[in-house]
Amino acid sequence: MTTLPLMPKATAVWLIEKTALSFEQIAAFCGMHPLEVQAIADGEVAQGIVGYDPVANHQLAIEEIRRCEATPTARLKILATNNPVRRRSKGARYTPVAKRHDRPDGIAFLLRNYPQLSEQQIVKLLGTTKDTIAKVRDKQHWNTPNIKPRDPVTVGLCSQTDLNAAVADANARLEREGAEIPVPALDAGDIDFSAE
């Protein structure tokens, strides 16, 4: 899989204006057709686009340009990015409208099976509020008769990795405090009667 530079047309404009690279080399680097690069050079396309410097933006090394200018058959290689995309870690987690009615079920499941989780951890996992957690816990939620504890991972409210990490953090906190780690509650369907 080839990686294209950021803003390919603007990068092509800069390479046409500032380098002696062939249209084919610029086209291969920017993911364009050589005729499109030629049209940019002739002023027929991309007239108002300001050139985007790939060297200043750490997408291309000046030595790479010089190497390819010397050898017309050589191809430019984009520099590897040193800052991979990071997951968003701050702010409330977005829950699609179709899954919002499942939140109280997920809260009830976590309160029953993982009592060691703090309210803040549940808020972060499910994208809910402390008020909603308190209402589900105290059975004051407007939909209390219809709340059935369901695993938030299977419902799609959080990932298993995030849940495992939150439980591990909560267990580590309890160990530091010298408190006993609670055993998750089992449903009747989880018990294996064949072993008796």
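Sequence positions are assigned chain by chain, starting from 1 and proceeding in written order. In keeping with the model being predicted, local features are shown solely for residues with a pLDDT of at least 70 and side-chain atom pairs are shown and tallied solely at 80 or more, while totals for entire chains, interfaces and linings include all residues. Values reported for side chains reflect all heavy atoms of the structure, with hydrogen atoms and water molecules removed beforehand.

1. Observations concerning the overall build of the chain
By the criteria applied, helices consist of DSSP H or I runs no shorter than four residues and strands consist of E runs no shorter than two, each listed in order from the N terminus. For the chain, the count of helices and strands is nine helices and zero strands. In the chain, the succession of helices and strands from N to C terminus is α-α-α-α-α-α-α-α-α. Look at the contacts in the chain between residues 6 or more apart in sequence, and 62% of them connect residues 24 or more apart. Summed over its atoms, the accessible surface of the chain is roughly 12800 Å², and 55% of this surface lies on carbon and sulfur atoms. Whether two residues touch is decided by their heavy atoms; if any such pair falls within 4.5 Å, the residues are in contact. Under the convention used here, a 1.4 Å probe and the Shrake-Rupley method define accessible areas, while residue burial counts only the protein chains that appear.

2. Examining the confidence of the model for the chain
Per-residue confidence from the predictor is reported as pLDDT, a score between 0 and 100. When pLDDT is averaged along the chain, the result is 85; 86% of the residues meet or exceed 70. Every residue in residues 188–196 is under pLDDT 50, and counting partners more than four places away or in other chains gives one contact.

3. Regarding helix α6 (residues 119–126)
If you check which residues of α6 are buried, you get Gln121, Ile122, Val123, Leu125 and Leu126. Tucked into the core, α6 has its buried residues touching α5 (103–113), α7 (130–137), α8 (152–155) and α9 (160–177). Just past α6, the residue Gly127 takes up positive phi, approximately 65°. Classification of residues uses two cut-offs on accessible area relative to the type maximum, computed with a 1.4 Å probe and protein chains only: under 20% is buried, over 50% is exposed, and between them is partly exposed.

4. Some thoughts on the side chain of Glu64
You can see Glu64 is positioned in helix α4 (residues 62–70). N or O atoms closer than or at 3.5 Å make up a polar contact, with two conditions inside protein: a donor-capable atom paired with an acceptor-capable one, and, for residues adjacent in sequence, both atoms drawn from side chains. Within the structure, the side chain of Glu64 is placed 2.5 Å from the side chain of Arg67, a separation counted as a polar contact. A polar side-chain atom of Glu64 sits 2.9 Å from the main-chain amide nitrogen of Lys77. In contact with Glu64, not counting residues within four places along its chain, are Arg75, Leu76 and Lys77.

5. Section: α9
Helix span is expected to be 1.5 Å times the residue number reduced by one. With 18 residues, α9 should reach 26 Å at 1.5 Å per residue; the first-to-last C-alpha distance of 26 Å fits that figure. The inward-facing, buried residues of α9 abut α5, α6 and α8. Taken from the residues just after α9, Gly178 is the one with a positive phi, measuring 80°.

6. Structural notes on unusual backbone geometry
For residues that are not glycine, phi is negative in most cases, and the peptide bond is trans in most cases. Its identity as a non-glycine residue notwithstanding, His58 has a phi of 60°, on the positive side. Summarising the element assignment, His58 is placed in the loop between α3 (34–42) and α4. For His58, a relative accessible area of 64% gives the class exposed. Even without glycine at this site, Lys139 takes up a positive phi of about 55°. In this structure, Lys139 sits in the loop between α7 and α8.

7. Focus on the nonpolar core
What makes a nonpolar core is a set of buried Ala, Val, Leu, Ile, Met, Phe, Trp, Tyr and Cys residues whose side-chain atoms join them at distances within 4.5 Å. Formed by 20 residues in total, the largest nonpolar core has its most connected members in Leu110, Tyr114, Leu117, Ile122, Leu125, Leu126 and Leu163. Secondary structure elements with two or more residues in this core: α5, α6, α7 and α9. Counting 17 residues, the second largest nonpolar core, distinct from the first, contains Val13, Trp14, Ile65 and Cys68.

8. Concerning the environment of Leu76
As for its placement among the helices and strands, Leu76 is situated in the loop between α4 and α5. Distance in space between the C-alpha atoms of Leu76 and Leu21 is 9.6 Å, their sequence separation being 55 residues. Among all residues touching Leu76, those that are not within four sequence positions of it are Leu15, Leu21, Gln25, Phe29, Leu60, Glu64, Ile65 and Cys68.

9. Observations regarding the packing of helix α1 (residues 8–18) against α3
Lines are fitted to the C-alpha atoms to define the axes, a helix being fitted only along its stretch in contact, and any angle between axes, read from their N-to-C directions, falls within 0 to 180 degrees. Across the interface, α1 lies against α3 with an axial gap of 10 Å and an inter-helix angle of 60°. Every pair of crossing elements has a handedness; the one defined by α1 and α3 is right-handed. Along its contact with α1, which presents Lys9, Ala12, Val13 and Ile16, the element α3 presents Glu36, Val37, Ile40 and Ala41. In this classification, the charged set is Asp, Glu, Lys and Arg, the nonpolar set is Ala, Val, Leu, Ile, Met, Phe, Trp, Tyr, Cys and Pro, and all remaining amino acids, among them Gly, are polar. Each residue belonging to the contact of α1 with α3 can be placed in one class, and the counts come to six nonpolar, no polar and two charged. When the near helix sits turned anticlockwise from the far one by under a right angle, the crossing is termed left-handed; a clockwise turn instead gives a right-handed crossing.

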